[in-house]
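In case you want the letters, here they are:
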Amino acid sequence: MNLSKEVNNGILIFISIGIYFLTMEFLGLSDIFLLRVLNIFIVVYFLNKTIKSNYHEGKTDYLPNLISGTLTSLIGVFLSVAALLIYISIKGGNAYLEKLSENFLFGAGEPSMYQYCLGLLFEGIASSIIITFTLMQYWKDTRKRILK
């Protein structure tokens, strides 16, 4: 079965982020906020890979590439948040979540695991859209330099 590049790179985002966070958990570093934010580089890498692939295939129109990049990142976000919800449930639910939620960006009080994952879903969607727009500007400028 041949998956589209958006689905393939979205799944690779999910797998890479999963490995990254499980490694941090294994090393006891999962409570360091700055390290938890560095997953943005994984998303940027695979999003750029999708858009770059489109450009190499001759697909240079802005809107289709924007949709392609957004779809890639949203697949990664939804799979990652679903896996996190399952992981939190396996590790003890809300009791385990208390350890994670200390540095939670939306954290006010003690969110339930569903509230935590919903907040991360919104945060992931917003950051994915911002990253996609940023990369689209990069590729738009790159295309102009190539054509000159």
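Residues numbered from 1 in each chain as written. Predicted model: local features only at pLDDT ≥ 70, side-chain atom pairs only at ≥ 80, totals over all residues. Heavy atoms only, no water.

Undergrad: Which residues make up the overall build of the protein, and what are the values?
TA: Secondary structure summary: the protein contains six helices and zero strands in total. Scored against the burial criterion, the 148 residues of the protein give a buried share of 34%. Summarising the internal contacts of the protein: among those between residues at least 6 apart in sequence, 70% fall at separations of at least 24. (Helix = DSSP H or I, 4+ residues; strand = E, 2+ residues; numbered from the N terminus. Buried < 20%, exposed > 50% of the residue type's maximum accessible area, 1.4 Å probe, protein only. Contact = heavy atoms within 4.5 Å.)

Undergrad: Lay out the packing of helix α1 (residues 5-27) against helix α4 (residues 62-91) with the relevant residues and their values.
TA: Closest axis-to-axis distance for the α1/α4 pair is 8 Å, and the angle between their directions is 35°. Note on packing geometry: the crossing formed by α1 with α4 is right-handed. For the pair formed by α1 and α4, the contact residues are Glu6, Val7, Asn9, Gly10, Ile11, Ile13, Phe14, Ile17, Leu22 and Glu25 on the first element and Ser68, Leu71, Thr72, Ser73, Ile75, Gly76, Leu79, Ser80, Ala83, Tyr87 and Lys91 on the second. In the contact of α1 with α4, the residues fall into eleven nonpolar, seven polar and three charged. (Axes fitted to C-alpha atoms, helices over the stretch in contact; angles between N-to-C directions. Left-handed = near helix turned anticlockwise from the far one by under 90°. Nonpolar A, V, L, I, M, F, W, Y, C, P; charged D, E, K, R; others polar.)

Undergrad: Hey, could you go over the environment of Leu84 for me, with residue numbers and the actual values?
TA: Examined against the element boundaries, Leu84 turns out to sit in helix α4. Sequence separation between Leu84 and Tyr116 is 32 residues, and the spatial gap between their C-alpha atoms is 9.9 Å. Once residues lying within four places of it in the same chain are set aside, the contact partners of Leu84 are Tyr116, Cys117 and Leu120.

Undergrad: Account for a nonpolar patch on the surface, naming residues and giving values.
TA: A cluster of nonpolar side chains, namely Ile32, Leu34, Leu38, Ile40 and Phe41, defines an oily patch on the protein surface of about 460 Å² accessible area. Relative to the helices and strands, Phe41 is located in helix α3 (residues 40-56). (Patch = residues over 30% accessible without salt bridge, like charges linked within 9 Å, V, L, I, M, F, W, Y side chains within 5 Å. Areas by Shrake-Rupley, 256 points an atom, 1.4 Å probe, with all protein chains shown as cover. Salt bridge = Lys/Arg side-chain N within 4 Å of Asp/Glu carboxyl O.)

Undergrad: How would you sum up α4? Please name residues and give values.
TA: With 30 residues, α4 should cover 44 Å at 1.5 Å per step; its first-to-last C-alpha distance of 43 Å lies within 8% of that length. Phi turns positive one or two residues past the end of α4, at Gly92, with a value near 125°. (Expected span 1.5 Å × (residues − 1).)

Undergrad: Got a sec to walk through α3? Specific residues and values, please.
TA: The end-to-end C-alpha distance of α3 is 24 Å, a good match for the 24 Å that 17 residues give at a rise of 1.5 Å each. Turning to α3, its buried residues number three or more, namely Ile42, Val43, Phe46, Leu47, Thr50, Ile51, Asn54 and Tyr55. Looking at the residues trailing α3, positive phi occurs at Gly58, about 90°.

Undergrad: Describe the side chain of Asn65, and please don't skip the residues or the numbers.
TA: If you trace the backbone, Asn65 turns up in helix α4. Of note is the side chain of Asn65, whose polar atom sits 3.0 Å from the backbone oxygen of Asp61. Dropping the residues within four chain positions of it, Asn65 is found in contact with Ile51, Asn54, Tyr55, Lys59, Thr60 and Met136. (Polar contact = N/O pair within 3.5 Å; in protein donor to acceptor, adjacent residues only side chain to side chain.)

Undergrad: Which residues make up the packing of aromatic side chains, and what are the values?
TA: For the coordinates displayed, the defined rule picks out four aromatic pairs. Judged by centre distance (5.5 Å) and plane angle (85°), the ring pair of Tyr138 and Trp139 falls under edge-to-face. Look at Tyr138 and you get partly exposed, because its relative accessible area is 43%. The exposure class assigned to Trp139 is buried, which follows from its relative accessible area of 9%. Through pairs of rings, three or more aromatic residues link up here, namely Tyr55, Tyr138 and Trp139. (Phe/Tyr/Trp six-rings, centres within 6.5 Å; stacked < 30°, edge-to-face > 60°.)

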